[in-house]
Amino acid sequence: MRASDFFLLSRMGFVVLVLLCALTGLVFGDSKPKPCSDIRHFYNSKGFNLNGVPQTVISGEHLRVCSQGYTCCTSGMEENLLNLSRREFETQVKESGRTLQASLNGQFKSFDDFFLELLNRSEASLQTSFQTGFGPLFSQIAKAFQDLFSDLRRYYRGSNVNLEEALNEFWARLLERLFKALNPQYIIGEEYLECVAKQSETLKPFGDTPRELKTKITRTVIAARTFAQGLVISGEAVRKVSQVSLSTECVHAVMKMTYCPHCSGVAFAKPCSNYCKNVMKGCLANQADLDSEWRNLADAMLEVVDKLSRPYSVDSVVLSLPKRIAEAILYMQDNLNTFNNKVFQACGSPTQSSKTEDQIKRGRNTAEEVSGTPGAQLEKVLSDVSRMLRDIMQYWVHLPRKLCVDRESGPSEADRCWNGMSVDRYLPEVMGDGLASQINNPEVEIDITKPDMTVRKQIMQLKIMINRLKYAINGNDVDFQDTSDDISGSGSGMCADDQCSRDPRLTAPNTDKPKVYAYPSENKKVVNGRSSQNLPCVSLYLLSLVTVLLRR
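Residues numbered from 1 in each chain as written. Predicted model: local features only at pLDDT ≥ 70, side-chain atom pairs only at ≥ 80, totals over all residues. Heavy atoms only, no water.

Tallying secondary structure elements over the chain gives 20 helices and four strands in all. Considering only contacts in the chain between residues 6 or more positions apart, those separated by 24 or more positions represent 82%. Carbon and sulfur atoms provide 49% of the accessible area of the chain, an area that totals close to 28200 Å². (Helix = DSSP H or I, 4+ residues; strand = E, 2+ residues; numbered from the N terminus. Contact = heavy atoms within 4.5 Å. Areas by Shrake-Rupley, 256 points an atom, 1.4 Å probe, with all protein chains shown as cover.)

Here it is, written out as C-alpha cells:
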C-alpha cells in the first residue's frame, strides 16, 4: 500500500470515528456523567460520612471486590461496606443462634422446674404422711429421708454421686435406725449393726421394695438428668458455633452480594435466589457439618422423652416414693419377730437394756396413692420439648435458606436479579450442605481441608452427649463429666487443636480446588448494563483503525 493510500484510509477512519461518536450521543442520549445521589443517600443512612464520596460516577479500577466498571464507590467506601457486611452478617447469625438457644434454655427451665418440683412435692408428702402415720418413729428415721432426697437432687444436678450406691446407702441407714427404734429393749452398738447389715441382702427386711424402687428410680432420675443436660449442651453448642468468625472470602462474597449493587447503580435489584444460597452455604459450610450429630442428638433426646413417659412416668415414680417407703417400713414392722430371730441366730443375741421403753406401735401408710398415668403437667412439658426438638432438627442445613429469605429476589424476578456481576439470570447450580460440598462453590472460595476447630469440638461434644443419652435410654449410668468445658481441658480424652487438625477423620482429602467462574473474574474490568453509555470514543477509533488494517 502506498503512503498516500494509507493516509486516505486514516482520514476515512477519523471520519468514521466522528460519525460513531455522534451516533453514540444520539443512541445513549446525554453524555453527562451520571450522578451518585442514590448511593450518597444510602451510604449516609448507614452512618458514614459523605466526605470523599463521588458526586458522579468514576472509573472503578481501584475496587477489590465490586466490579471495576464505572462506579460511585471509592476504595474507602468499599472498605467501610466490607466491615459493615461482616458486622451485619455475624449479627444475623448470632441473633438466629440466640433465638434457638433461648428456646432450648426455655425448655430446660420448664423441665428443670418441673422435675425439682416433683422432688419437693414428694419429700413434703413423705414428711406429712410419716408424721401422721408413724408418729415418734418418724423423728428417728427422718435424717435418712433428708439424705435420700438430698442425694437425688445432687445427682440430678450433675454432682459426682453414684445413684445406686446412694439408694443402697439409704436402705442401709434406714435399717439401722429402724432396727434400733423397733428394739428399744436391747443395747445395739455399731458392730452389731454392721452384722445386721450383712444379713439384710438374704433376709430382705423390706421385702422386694428396695429392688423394685431401685430399678424405677435409677431409670427415671438417670433419664431426667441426662435429658436436662442434653438441653444445656445443645444450647452451648449453638452459642459457640454461632460465634465462629467469618473468613475473608466469606465477607467479600457477602459484600459483593449485598452492597456491590449499590456501587454499580443497580440498588433496586435483589440477589438471585440461588446466588444467595450459594453465598450462605459457603459462609456457613462448617456450621452445616453439625447436621448429622445434631439430628442424632435430637433423635436420642426424643427417645429419652419416651422413657420419661412410659412404662413408669417420671411423675408417678417420684411422687410414689413416700407410699413405697411406707410399705417397706410396715413390712419390716409386720415381720419384725421373724427378722429378729434370724438376726439373733446369725449375729448373736444383743445385750438387754436396763431401761424400759415402750414398744413403738405399728405405723399406718397415709401416703397418697399416685396414678401411674402421666399428669397433665408432665404431658405438656414433654409435648412442648418434643415439638421443639422436631422443629430444630434441621436447623443447621436450613440456616442458609433462612438467612436468604429477606435478601433474595422472588421467583418472578429470576431474569432481573443481581447475580454478582450484573442484573441477569443466575446460572450456576446450588451447592450441597457442609464443607466438602463447597469444593466447586463459585461464590465463596473455601479450603475444605481446613475445617473450623470450634465447630469440630462441638461436633465431638454432641457425640459424647449422644452416647450418654443412649446409656440413659437403657437405664445405665455413666461418668457424667461437665461437657460444657472446652474438650481439650475437660479430661474427656478428646484431642487438642493441633492434634485434631491431624486426625484423618476430620481432614478432607488434600485436593486443590479448581477455579470455576460462572462470570468474569471480579478483578477484571467489566463494563456492562447501563455503564456502557460511558464507553470513550477513542475505543471506537481503534476499532475502525483495526478494520481498515484488516482490509489491507
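The N-to-C vectors of helix H8 (residues 248-258) and helix H10 (residues 273-283) enclose an angle of 160°; their axes lie 9 Å apart at closest approach. As summarised for this structure, H8 and H10 are arranged roughly antiparallel, according to the angle between their axes. Of the two elements, H8 crosses H10, and the hand of that crossing is left-handed. Note on element contacts: H10 touches H8 through Tyr275, Cys276, Val279, Met280 and Cys283, opposite Cys250, Ala253, Val254, Lys256 and Met257. Residue classes in the contact of H8 with H10 are distributed as nine nonpolar, no polar and one charged. (Axes fitted to C-alpha atoms, helices over the stretch in contact; angles between N-to-C directions. Parallel < 35°, antiparallel > 145°, perpendicular 65-115°, else oblique. Left-handed = near helix turned anticlockwise from the far one by under 90°. Nonpolar A, V, L, I, M, F, W, Y, C, P; charged D, E, K, R; others polar.)

Let's shift gears to H8. The element H8 is largely enclosed, with a buried count of eight among its eleven residues. Among all positions of H8, only Cys250, Val251, His252, Ala253, Val254, Met255, Lys256 and Met257 are buried. Residues of H8 that are buried sit in contact with helix H3 (75-134), helix H9 (260-263), H10 and strand E3 (417-418). (Buried < 20%, exposed > 50% of the residue type's maximum accessible area, 1.4 Å probe, protein only.)

Joining two cysteines, a disulfide is a covalent bond between their sulfur atoms. By the definition in use, this model includes seven disulfides. For cysteine 73, the disulfide goes to cysteine 263, at an S-S distance of 1.9 Å. Because the torsion about its S-S bond is -85°, the bridge between cysteine 73 and cysteine 263 counts as left-handed. Of this pair, cysteine 73 sits in the loop between helix H2 (37-45) and H3 while cysteine 263 sits in helix H9, placing them 190 residues apart in sequence. The pair formed by cysteine 73 and cysteine 263 is uniform in burial state, with each residue classed as buried. Through a disulfide, cysteine 250 is tied to cysteine 283; the S-S separation comes to 2.0 Å. When the S-S torsion is 110°, as for the bridge of cysteine 250 with cysteine 283, the disulfide is right-handed. Here cysteine 250 is found in helix H8, whereas its partner cysteine 283 is found in helix H10, with 33 residues between them in sequence. For the pair cysteine 250 and cysteine 283, a shared accessibility class is recorded, and that class is buried. (Disulfide = S-S within 2.5 Å.)

What follows is about the packing of helix H6 (residues 190-203) against helix H15 (residues 336-347). Between H6 and H15, the least distance of the axes is 10 Å, while the angle of their chain directions is 120°. Between H6 and H15, the angle is such that the two are oblique. Handedness of the H6/H15 crossing: right-handed. The segment H6 lies against H15, with Tyr192, Cys195, Val196, Gln199 and Leu203 engaging Phe339, Lys342, Val343, Phe344, Ala346 and Cys347.

Our focus in this paragraph is the environment of serine 200. Take serine 200: it is sitting in helix H6. Ignoring sequence-local partners within four residues, the contact set of serine 200 consists of Leu175 and Pro205. Polar contacts involving the side chain of serine 200 include one to the main-chain carbonyl oxygen of alanine 197, which spans 2.6 Å. (Polar contact = N/O pair within 3.5 Å; in protein donor to acceptor, adjacent residues only side chain to side chain.)

So, about helix H4 (residues 136-156). Taking 1.5 Å per residue, 21 residues should reach 30 Å; H4 reaches 31 Å between its end C-alpha atoms and fits that length. Along its length, H4 shows its largest kink, about 45°, at alanine 142. Of all the positions in H4, only Leu137, Phe138, Ile141, Ala142, Ala144, Phe145, Leu148, Phe149, Leu152, Tyr155 and Tyr156 are classed as buried. Taken together, the buried residues of H4 touch H3, helix H5 (163-182), helix H7 (209-241) and helix H14 (321-334). Phi turns positive, to about 100°, at glycine 158, one or two residues after H4. (Expected span 1.5 Å × (residues − 1). Bend = angle between axes of the 7 residues up to and from the residue.)

To continue, consider the confidence of the model for the chain. Overall, the predicted model of the chain reaches an average pLDDT of 81, with 77% of residues at or above 70. Confidence scores differ between elements of the chain, with helix H19 (residues 497-500) showing the lowest mean pLDDT of 36 and helix H11 (residues 285-288) the highest of 96. Long-range and interchain partners of residues 14-30, a stretch whose pLDDT sits below 50, account for twelve contacts in this model, where long-range means more than four residues apart. (pLDDT = per-residue confidence, 0-100.)

What follows concerns unusual backbone geometry. The phi torsion at lysine 204 lies on the positive side, around 50°, for a residue other than glycine. Structurally, lysine 204 is set in the loop between H6 and H7.

On to the environment of asparagine 474, then. Inspection of the secondary structure assignment puts asparagine 474 in the loop between helix H18 (453-473) and H19. As for asparagine 474 and arginine 219, which are separated by 255 residues in sequence, their C-alpha atoms are 7.8 Å apart. Polar contacts involving the side chain of asparagine 474 include one to the main-chain carbonyl oxygen of lysine 470, which spans 3.3 Å.

With respect to the helices and strands, glutamine 458 occurs in helix H18. Assessed through its relative accessible area of 7%, glutamine 458 is described here as buried. Sequence-distant contacts of glutamine 458, defined by excluding residues within four places in its chain, comprise Glu236, Ala237, Lys240 and Val241.

Pairs may arise between side chains of opposite charge once their charged atoms sit close together. Applying the stated criterion across every chain yields a total of 22 salt bridges. The network of salt bridges with shared partners includes Glu212, Lys323, Arg324 and Glu327. (Salt bridge = Lys/Arg side-chain N within 4 Å of Asp/Glu carboxyl O.)

Moving on to the packing of aromatic side chains. A full pass over the atoms with the stated rule returns 18 aromatic pairs. Measuring from ring centre to ring centre gives 5.4 Å for tyrosine 275 and tyrosine 426, while their planes differ by 35°; the resulting arrangement is tilted. Here tyrosine 426 lies in the loop between strand E4 (423-424) and H18 and tyrosine 275 lies in helix H10, a separation of 151 residues in the sequence. Here the two residues tyrosine 275 and tyrosine 426 agree in accessibility, since each one is buried. Relative to tryptophan 396, the ring of tryptophan 294 lies with its centre 5.9 Å away and its plane at 85°, an arrangement referred to as edge-to-face. Of this pair, tryptophan 294 sits in helix H12 (residues 291-309) while tryptophan 396 sits in helix H17 (residues 395-404); the two residues are 102 residues apart in sequence, bridging distant segments of the chain. Given a relative accessible area of 2%, tryptophan 294 falls into the buried group. Members of the aromatic cluster, connected to one another through ring pairs, are Phe130, Phe134, Phe138, Phe145, Phe170, Trp171 and Phe206. For the cation-ring pair, arginine 225 lies above tyrosine 155, with the distance from its terminal atom to the ring centre recorded as 3.7 Å. (Phe/Tyr/Trp six-rings, centres within 6.5 Å; stacked < 30°, edge-to-face > 60°. Lys NZ or Arg CZ within 6 Å of the ring centre and 35° of its normal.)

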